[in-house]
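Observations on chain architecture
Chain by chain, the residues:
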Amino acid sequence: MTVEKASSVIIKGVGSYAPPHVLTNDDLSKIVDTSDEWIRTRTGIRERRIAKDETTSDMATKAAQEAMRNAGVEPSEIDLLIVATVTGDHPFPSTSCVTQHKLGLRKIPCFDLLAACSGFLYSIDTAKALMLSGGYKKALIIGAEKLSGITDWDDRGTCVLFGDGAGAAVLELIDEPGCGIIAGDMGADGSEREILFVPAGGSERPASEKTIADREHFIKMQGNQVFKNAVVAMGRSAKKTLEKAGISADEVACVVPHQANIRIIEAISNRLGIGIERFKINLDRFGNTSAASIPIALDEAMRNSRFKSGDYILLVAFGAGLTWASTLIRWQ
Ligand code: ACO
């Protein structure tokens, strides 16, 4: 079934979950040669949450239950599920299938989407397209990560950055034009994949004693290269989305950026000409949770009344791939 053009896809409710265990910068300084001062000034991060006995699908399930509660939607009403993650429970089946079962959803289409830190925004665009073309009325999209499981706790250049958590949104197709998810942009550049990746465990370098000894199942990153690419790509993508929507930077009430580094966010604020006070920032408490970072921040921004009905909200992300994406929402 193809639906009428006069339809919109809105965000009906959001929710998030962070595991209770807090790992502070001082805790990290006991594991690797670093300090609270270095981490705070270079990244803005003070602490992050670490999942102990929980899996990615456990966290996804809790965030989704809260999103459905906030949306006033029952699990039986969900027609489509997408989980954005780079740290699924298994290589296969998808974490969305595991989560579907834990949530007690109907036998609806379920799939994972791998676009690293851009995964939640890729999922929004994908779900919107499927809802408009395929007639799915309500979709659940989740960003969930257990990055602690692929973090090299001997590498001070990366282990200070990442955390675990999940965020979710219920999307709904409504018969009203011009609201909800107004415009978006997605892109990728695979030529730079080695500046941020997990080298082994896939078809190129299957798991072996050597890959384990060489610590190739952990995140490897050239931090300053990632930094430069992130600033350029996020700034460009956000501008493109605003242009598509015909909305000026001044009209944006709140920007919810991927939470990787406060200095990246400040650089984007300068590029877009949107004051830093209009940016939602919570990386000080959660670190970089990849695909979970934007929905966790969006949920918190909503609970803190950072925007109201009719406001324009800009989401912008960058991640491994390289990938980038941005989404403009007119809050219902
Ligand atoms: N504690 C103390 N010193 C450190 C630490 C640490 N945790 N980490 C690195 N250093 C040292 C380095 O060894 C280096 O020392 P040297 O000058 O003696 O060689 C010095 O600090 C500077 O290192 P840089 O890497 O140049 O530091 P930089 O200012 O670039 O900050 C950082 C590093 C924080 C990683 C930054 O580059 C960054 O945030 N990059 C983007 C990372 C990111 O966003 N990644 C995720 C992308 S999203 C996704 O898809 C997951």
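Computed from a predicted structure; not experimentally measured. (Residues numbered from 1 in each chain as written. Predicted model: local features only at pLDDT ≥ 70, side-chain atom pairs only at ≥ 80, totals over all residues. Heavy atoms only, no water.)

The environment of the ligand is formed by 26 residues, the closest being Thr34, Arg42, Cys117, Arg156 and Asn261. Tryptophan 38 places a side-chain nitrogen or oxygen 3.4 Å from a nitrogen atom of the ligand. In the model, an oxygen atom of the ligand is placed 2.6 Å from a nitrogen or oxygen of the asparagine 261 side chain. When the ligand is considered free in solution it has 1,000 Å² of accessible area, and contact with the protein chains removes 72% of it. At the level of elements, helix H2 (36–43), helix H6 (156–159), helix H8 (223–245), helix H9 (262–272) and strand S12 (312–319) are the ones that each hand at least two residues to the shell around the ligand. Among the elements that take part in the shell around the ligand, H8 stands out by supplying four residues, more than any other. Classifying every residue of the shell around the ligand by side-chain character gives 13 nonpolar, nine polar and four charged. Residue-level mapping places the shell around the ligand at the junction of two domains, with at least three residues from each of domain 1 (8–178) and domain 2 (181–330). (Near = heavy atom within 4 Å. Polar contact = N/O pair within 3.5 Å; in protein donor to acceptor, adjacent residues only side chain to side chain. Areas by Shrake-Rupley, 256 points an atom, 1.4 Å probe, with all protein chains shown as cover. Helix = DSSP H or I, 4+ residues; strand = E, 2+ residues; numbered from the N terminus. Nonpolar A, V, L, I, M, F, W, Y, C, P; charged D, E, K, R; others polar. Domains from an automatic or database assignment.)

The domain boundaries assigned to the protein chain delineate domain 1 (8–178) and domain 2 (181–330). On a C-alpha basis, the centroid separation for the pair domain 1 and domain 2 is 14 Å. On the side of domain 2, 49 residues touch domain 1, which itself brings 52 residues to the contact. Buried area between domain 1 and domain 2, summed over both chains or domains, comes out near 3,900 Å², and the portion from carbon and sulfur atoms is 63%. Considering only the surface of domain 1 that becomes buried against domain 2, Cys117, Leu121 and Tyr122 emerge as the three largest contributors, covering 17% of it. Applying the counting criterion to the domain 1 and domain 2 interface returns two salt bridges. The partner of arginine 215 in a salt bridge is aspartate 154, with the nearest N and O atoms 3.4 Å apart. The interface formed by domain 1 and domain 2 contains 21 residue pairs in polar contact (both at pLDDT 80 or more). Of the residues assigned to the side of domain 1 that touches domain 2, the class counts are 23 nonpolar, 17 polar and 12 charged. (Contact = heavy atoms within 4.5 Å. Buried area = accessible area lost by both parts, 1.4 Å probe. Salt bridge = Lys/Arg side-chain N within 4 Å of Asp/Glu carboxyl O.)

A separate point is the packing of helix H3 (residues 56–71) against helix H4 (residues 95–103). Here H3 crosses H4 at 55°, and the two axes come no closer than 9 Å. Taken together, the axes of H3 and H4 lie oblique to each other. Seen from above, H3 lies across H4 with right-handed handedness. Side by side, H3 and H4 meet where Thr56, Ser57, Asp58, Ala60, Thr61, Ala64, Gln65 and Met68 of the first sit next to Thr95, Val98, Thr99, Lys102 and Leu103 of the second. Looking at the contact of H3 with H4 residue by residue, the classes come out as five nonpolar, six polar and two charged. (Axes fitted to C-alpha atoms, helices over the stretch in contact; angles between N-to-C directions. Parallel < 35°, antiparallel > 145°, perpendicular 65-115°, else oblique. Left-handed = near helix turned anticlockwise from the far one by under 90°.)

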